[in-house]
Amino acid sequence: GIQVEQSPPDLILQEGANSTLRCNFSDSVNNLQWFHQNPWGQLINLFYIPSGTKQNGRLSATTVATERYSLLYISSSQTTDSGVYFCAVLWYAAGGSYIPTFGRGTSLIVHP
Amino acid sequence: DAGVTQSPTHLIKTRGQHVTLRCSPISGHKSVSWYQQVLGQGPQFIFQYYEKEERGRGNFPDRFSARQFPNYSSELNVNALLLGDSALYLCASSLKQNSPLHFGNGTRLTVT
């Protein structure tokens, strides 16, 4: 199956700092999403971004499908940005199945 | 519009028992997928159903089964529970098999 690797595994920031999270994947994918999991376990959609660049407020994401990676940028971080960020890809498996595969996540802590 | 709803939110079971978890998708979504998330890891794909048929299966034992009903809601069943089945179980819905995923808040299962 496909391998999804996220880096860094852990990140500690001071409020106001910027950061870049990376997601590498080992094969072609049909789509890619970034999620934020809050301390209560809720997975919040951030971006659906199989290719190109999108921005939403202080967050932006870029996927370069041909080079099999995606980046999530967080600018002017706030304490509410704390949590775990997951990259999830959807790849087409033999037999007509689309298989969602998650990375292990980046755990972000933002200190006031 | 209501999001993806899962029930129950929390559940405590004893080893050897069975459990049924329920999921209602976003209105109009025809695909439901199930995931197991243990502490410190990303969600692991268990099943995907689309138009009431199983379309994908992850690497889980036969103790895990699921079905999708005519109204597109879904159940996940786990038989002969083991301590290692303790986890957060997440359900996601999507318009089609390869559309963006939208997650419910999960069911936290504890097996004692």
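Use the structure listed above.
Caption draft 1: Highlighting the pattern of salt bridges. All names here are of chain B. One pass over the structure, following the stated rule, counts seven salt bridges over all chains. In this structure, the salt-bridge partner of Arg22 is Glu75, at a minimum N-O distance of 3.5 Å. Of this pair, Arg22 sits in strand β3 (residues 19-24) while Glu75 is found in strand β8 (residues 74-78), placing the two residues 53 residues apart along the sequence. Judged by relative accessible area, Glu75 falls into the buried class, the value being 10%. The salt bridge involving Glu75 is made with Arg67; its shortest N-O contact spans 3.3 Å. Take Arg67: its relative accessible area is 44%, and that puts it in the partly exposed class. Because the salt bridges share partners, they merge into one network encompassing Arg22, Arg67 and Glu75.

Caption draft 2: Layout of the state of the cysteines. Evaluation of the coordinates by the stated rule reveals two disulfides over all chains. Here Cys23(A) is linked by a disulfide to Cys87(A), with a sulfur-sulfur distance of 2.0 Å. The disulfide joining Cys23(A) to Cys87(A) has a torsion of about -55° about its S-S bond and is therefore left-handed. Separated by 64 residues along the polypeptide, Cys23(A) in strand β3 (residues 19-25) and Cys87(A) in strand β9 (residues 83-93) bring together distant segments of the chain. Take Cys87(A): its relative accessible area is 0%, and that puts it in the buried class. The disulfide partner of Cys23(B) is Cys91(B), and the gap between their sulfur atoms is 1.8 Å.

Conventions adopted
- Residues numbered from 1 in each chain as written.
- Chains lettered and ligands numbered in written order.
- Predicted model: local features only at pLDDT ≥ 70, side-chain atom pairs only at ≥ 80, totals over all residues.
- Heavy atoms only, no water.
- Salt bridge = Lys/Arg side-chain N within 4 Å of Asp/Glu carboxyl O.
- Helix = DSSP H or I, 4+ residues; strand = E, 2+ residues; numbered from the N terminus.
- Buried < 20%, exposed > 50% of the residue type's maximum accessible area, 1.4 Å probe, protein only.
- Disulfide = S-S within 2.5 Å.

None of the figures reported here should be taken as evidence of function without further support.
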